[in-house]
Amino acid sequence: MLMIFMPETASAPASARKRYAVRTVPLMAGFILLYAGPEVLDLGGLGQIAQMLSLVCLVFVIGEFIVLMRALDELQFKLQMIALAAAGGFVTVGATLWGMAALVFELREINSIFALPVFGLAYYACLFIVARRFS
């Protein structure tokens, strides 16, 4: 079941997979609540502090992802890096095209707040495609 929600853990050793899940799920929940909470609730000056704390949660999630990647064997590490590179490329090209379209069609100011969620989805899609290639 964990592999459905966290496909990056599919090939990791069981201990690394469990550690990653136990640590990143609460951190990501904290990130989402601290980042989106001030927008939903009127917290006044506490909203900025909550959003700064959300970035701390995100830094720890990135650290746990690095620990997970170091637990993989060479082939699985290569698959992950190919998926990360491809997803980064797709998001970069998409953001550039979005920015060019905003300039050409004089759209209102664009917001890059969705870059990270789009990158995550692109990473999972690329991981699925790359993993099928090597299976």
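Here, every reference points to the structure presented above.
Residues numbered from 1 in each chain as written. Predicted model: local features only at pLDDT ≥ 70, side-chain atom pairs only at ≥ 80, totals over all residues. Heavy atoms only, no water.

Engineer: Explanation requested: the overall build of the chain in the structure shown.
Structural biologist: Within the chain, the secondary structure is distributed over five helices and zero strands. Ordering the α and β elements of the chain from the N terminus gives α-α-α-α-α. Buried positions account for 27% of the 135 residues belonging to the chain. Long-range pairs, those at least 24 residues apart, make up 64% of the contacts in the chain between residues at least 6 apart in sequence. Just so you have it, the chain exposes about 9600 Å², and 72% of that area is on carbon and sulfur atoms. In the chain, the 9 positive side-chain charges and the 8 negative ones have mean positions that sit 15 Å from each other. (Helix = DSSP H or I, 4+ residues; strand = E, 2+ residues; numbered from the N terminus. Buried < 20%, exposed > 50% of the residue type's maximum accessible area, 1.4 Å probe, protein only. Contact = heavy atoms within 4.5 Å. Areas by Shrake-Rupley, 256 points an atom, 1.4 Å probe, with all protein chains shown as cover. Lys, Arg positive; Asp, Glu negative; His and termini not counted. Charge placed at Lys NZ, Arg CZ, Asp CG, Glu CD.)

Engineer: Explain the environment of Ala-125 to me, please; I cannot follow it from the model alone.
Structural biologist: Locating Ala-125 in the fold gives a position in helix H5 (residues 115-134). Owing to a relative accessible area of 38%, Ala-125 belongs among the partly exposed residues under this scheme.

Engineer: Explain the nonpolar core to me, please; I cannot follow it from the model alone.
Structural biologist: One broad rule of soluble globular proteins: the nonpolar side chains tend to lie buried together. Counting 17 residues, the largest nonpolar core has Phe-65, Leu-68 and Tyr-123 as its most contacted members. Among the secondary structure elements, those contributing two or more residues to this core are helix H2 (14-40), helix H3 (46-70), helix H4 (74-104) and H5. Setting aside residues no more than four positions away along its own chain, Tyr-123 makes contact with Glu-8, Phe-65, Gln-80, Ala-83, Leu-84 and Ala-87. Core analysis: the next-biggest nonpolar cluster, separate from the first, contains five residues, Leu-27, Phe-31, Cys-57 and Val-61 among them. (Core = buried A, V, L, I, M, F, W, Y, C linked by side-chain atoms within 4.5 Å.)

Engineer: Looking at this structure, how should I read H4?
Structural biologist: Along an α-helix, residues three or four apart share an orientation, since each turn contains 3.6 residues. Relative to the 45 Å expected for 31 residues at 1.5 Å per residue, H4 spans 45 Å between its end C-alpha atoms, a close match to the ideal helical length. Burial in H4 covers these residues: Leu-79, Gln-80, Ala-83, Leu-84, Ala-87, Val-91, Gly-99 and Ala-102. Residues of H4 that are buried in the fold lie against H3 and H5. Looking one or two places after H4, you find Glu-106, whose phi comes out positive at around 50°. (Expected span 1.5 Å × (residues − 1).)

Engineer: It is not clear to me how the environment of Ile-113 should be interpreted in this structure. Could you clarify?
Structural biologist: In this structure, Ile-113 sits in the loop between H4 and H5. Separated by 56 residues in the primary sequence, Ile-113 and Cys-57 have C-alpha atoms spaced 17 Å apart.

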